[in-house]
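Here is how the chains run, residue by residue.
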2 protein chains.
Amino acid sequence: MGKPVPSTGNAPSPLVVNISARHCHLTQEAVEALFGKGHQLTPMKWLYQEGQFAAEEALTLVGPRSRVISNLRILGPCRTLNQVELAYTDAIALGFDIPLRKSGNIDGTPGGMLMGPEGFFEMPDGIIRAERHVHMHPEDAAHYGVAAGDRMKLKIGGSCAVTFDEMLVRVDESFKLEVHIDTDEGNAVDLKPDTPCELVK
Amino acid sequence: MGKPVPSTGNAPSPLVVNISARHCHLTQEAVEALFGKGHQLTPMKWLYQEGQFAAEEALTLVGPRSRVISNLRILGPCRTLNQVELAYTDAIALGFDIPLRKSGNIDGTPGGMLMGPEGFFEMPDGIIRAERHVHMHPEDAAHYGVAAGDRMKLKIGGSCAVTFDEMLVRVDESFKLEVHIDTDEGNAVDLKPDTPCELVK
């Protein structure tokens, strides 16, 4: 789903817009509960952000009404908290409400039960819709004249043209310029490899 | 999901924005093939547009890979063509591509098999994503200064704020002012009864 747009003028990086399908981040403790003692996640596909990968491992999420989402992909490497990121369409299929949150901000969010081949792991919280966001290296932030926590707009063209407001700016030395929207947003706009995209203040 | 916004200034009508979940329109011939000879659709819920209703009857749609969507709602009254309107998320779940079309413009679109309690009905074509659109009475069109076939923008506020471009204007004496977006669009923007909406040229 990557859509690198050649950088223009003095922009340091091409703009990449990717759709994040539903997925989860796990602690090593949760991985071992689900896949067995000492289990390590196996990279299946490297993602655009350095060191991040889609793992071969997937799990089943059981929602509050015993409805399930199976084959939920795990992204690695392991983190210090457990977090499931769904689109609202997914959450409605599971039969519950989830809040919009910045990744990592999971206080007071709903939880669920995770099922793996070797066991269960109960998440007391951590099921969210992740806020649409753009990863930026400090050089990208300087180019666009924004800082971490700012909001930008993403203009997407084509027959289902949309402007996404409230695009959260995240800045880190380790980041490459990349916008993440979810499947509802990606399908609303029919994002294709050749869809024109522009990031504006 | 209705969201009437009080009309401002000299606007003749409040702005209503509704989400169209996946549904189908059928001919009387298809209704009889699926539900039995002489069967008439039974209104379950009247819709905002005069005379339109969600029927008690629903059916199962079988996609090209034998995946199904069950409980697909039928909207009445019957029409002169068979048309299924899905969101892209639905189409991806069924495992195929559908085109974006204005309602009624189904030439060259994919078809599928419909299953009802009394039989099957094969649609050779007619499965589309409906273009986002706004129904307008001629007085509304005059107020906004637009004509049938024009495009407007719908600005939606809130934490998932979005501007939908390419909102197709449809005008008819029988129409009441109402915007229709699909579930992908509605979930992308988290449309709630109190979400601020504005229609602009």
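Residues numbered from 1 in each chain as written. Chains lettered and ligands numbered in written order. Predicted model: local features only at pLDDT ≥ 70, side-chain atom pairs only at ≥ 80, totals over all residues.

## A short note on the overall build of chain A
And then number 1: Within chain A, the regular secondary structure consists of 4 helices and 15 strands.
And then number 2: Computed over its C-alpha atoms, the radius of gyration of chain A comes to 17 Å, within 12% of the 17 Å expected for a compact globule of 201 residues.
And then number 3: A principal-axis box enclosing the C-alpha atoms of chain A has dimensions of 55 × 35 × 30 Å.
And then number 4: A total of 201 residues make up chain A; the buried ones form 37% of that total.
And then number 5: A separation threshold of at least 6 residues defines the contact pool for chain A, and within that pool the share at least 24 residues apart is 64%. (Helix = DSSP H or I, 4+ residues; strand = E, 2+ residues; numbered from the N terminus. Rg over C-alpha atoms; globule rule 2.2 N^0.38 Å. Buried ≥ 20, exposed ≤ 12 C-beta atoms within 10 Å, placed from the backbone. Contact = placed C-beta atoms within 7 Å.)

## Topic: the interface of chain B and chain A
And then number 1: In this assembly, 18 residues from chain B lie in contact with 18 residues from chain A.
And then number 2: Listing elements by their share of the side of chain B that touches chain A, those giving two or more residues are α2 (88–94), β13 (162–171) and α4 (183–189) of chain B.
And then number 3: Residues of the side of chain B that touches chain A, tallied by class, amount to 8 nonpolar, 5 polar and 5 charged.
And then number 4: Bridge count for strand β13 (residues 162–171) of chain A against β13 of chain B is 3 bridges, and the pairing is antiparallel. Bridging from a neighbouring strand, V162 of chain A pairs with F164 of chain B of β13 of chain B. (Nonpolar A, V, L, I, M, F, W, Y, C, P; charged D, E, K, R; others polar. Pairing = 2+ DSSP bridges.)

## Digging into the relation of the copies chain B and chain A
And then number 1: When chain B is brought onto chain A, the operation consists of a screw motion whose angular component is 180° and whose axial shift is 0.0 Å, with 0.0 Å RMSD remaining. Here the two chains are linked by the operation of a two-fold rotation axis.
And then number 2: Residue by residue, 100% of the interface of chain B is reproduced at the interface of chain A, so both copies engage with the same surface. (Least-squares fit on C-alpha atoms with pLDDT ≥ 70 in both.)

## Observations concerning unusual backbone geometry
All names here are of chain A.
And then number 1: Cis geometry marks the peptide bond from G76 to P77, where omega comes out at 0°.
And then number 2: By the element assignment, P77 lies in the loop between β5 (68–76) and β6 (83–85).
And then number 3: Positive phi, close to 55°, is recorded for D190, a residue that is not glycine.
And then number 4: Secondary-structure assignment places D190 in the loop between α4 (183–189) and β15 (197–200).

## Topic: helix α1 (residues 28–35) of chain B
Residue and element names in this part refer to chain B.
And then number 1: Among the residues of α1, those classed as buried are A30, V31, L34 and F35. Down the axis of α1, the buried side of the element spans an arc of 105°, and every buried residue falls inside it.
And then number 2: In this fold, the buried residues of α1 make contact with β4 (53–62), β8 (112–116) and β9 (119–123).
And then number 3: Phi turns positive one or two residues past the end of α1, at G36, with a value near 110°. (Arc of directions from axis to C-beta.)

## What to know about the domain arrangement of chain A
All names here are of chain A.
And then number 1: Taken as a whole, chain A is organised into domain 1 (19–130) and domain 2 (132–200).
And then number 2: For domain 1 and domain 2, the distance between their C-alpha centres works out to 23 Å.
And then number 3: The interface is formed by 12 residues belonging to domain 1 together with 13 residues belonging to domain 2.
And then number 4: Within the residue set of the side of domain 1 that touches domain 2, elements represented by two or more residues are β1 (17–20), α2 (88–94) and β10 (127–130).
And then number 5: Here the residues of the side of domain 1 that touches domain 2 are counted per class, giving 6 nonpolar, 3 polar and 3 charged. (Domains from an automatic or database assignment.)

## Details of the environment of R132 of chain A
Residue and element names in this part refer to chain A.
And then number 1: Looking at the secondary structure, you find R132 in the loop between β10 and β11 (133–136).
And then number 2: Between the alpha carbons of R132 and E166 there is a distance of 7.5 Å; along the sequence they are 34 residues apart.
And then number 3: For R132, the contacting residues outside a window of four places in its chain are F164, E166, M167, L168, H180, I181 and E185.

## Re the pairing of β5 of chain A
Residue and element names in this part refer to chain A.
And then number 1: One ladder, built from 3 bridges, connects strand β2 (residues 23–25) with β5; its direction is parallel. Within β5, the position partnered with C24 by the bridge is I74.
And then number 2: Relative to β5, strand β4 (residues 53–62) runs antiparallel, the two sharing 6 bridges. Paired with L59 across the bridge in β5 is L72.
And then number 3: Between β4 and β5, which pair antiparallel and follow one another directly, the connecting turn spans 5 residues, one of which, S66, has a positive phi of 65°.

## Considering the pairing of β8 of chain B
Side-chain positions along a regular strand alternate between the two faces of the sheet.
Residues and elements named next belong to chain B.
And then number 1: Pairing geometry for β4 and β8, over 3 bridges, is antiparallel. Counted as the bridge partner of V62 is M113 from β8.
And then number 2: Both β8 and β9 contribute to a ladder of 5 bridges, which runs antiparallel. Of the residues in β9, the one forming a bridge with M115 is F120.
And then number 3: The loop that links β8 with its antiparallel partner β9 comprises 2 residues.

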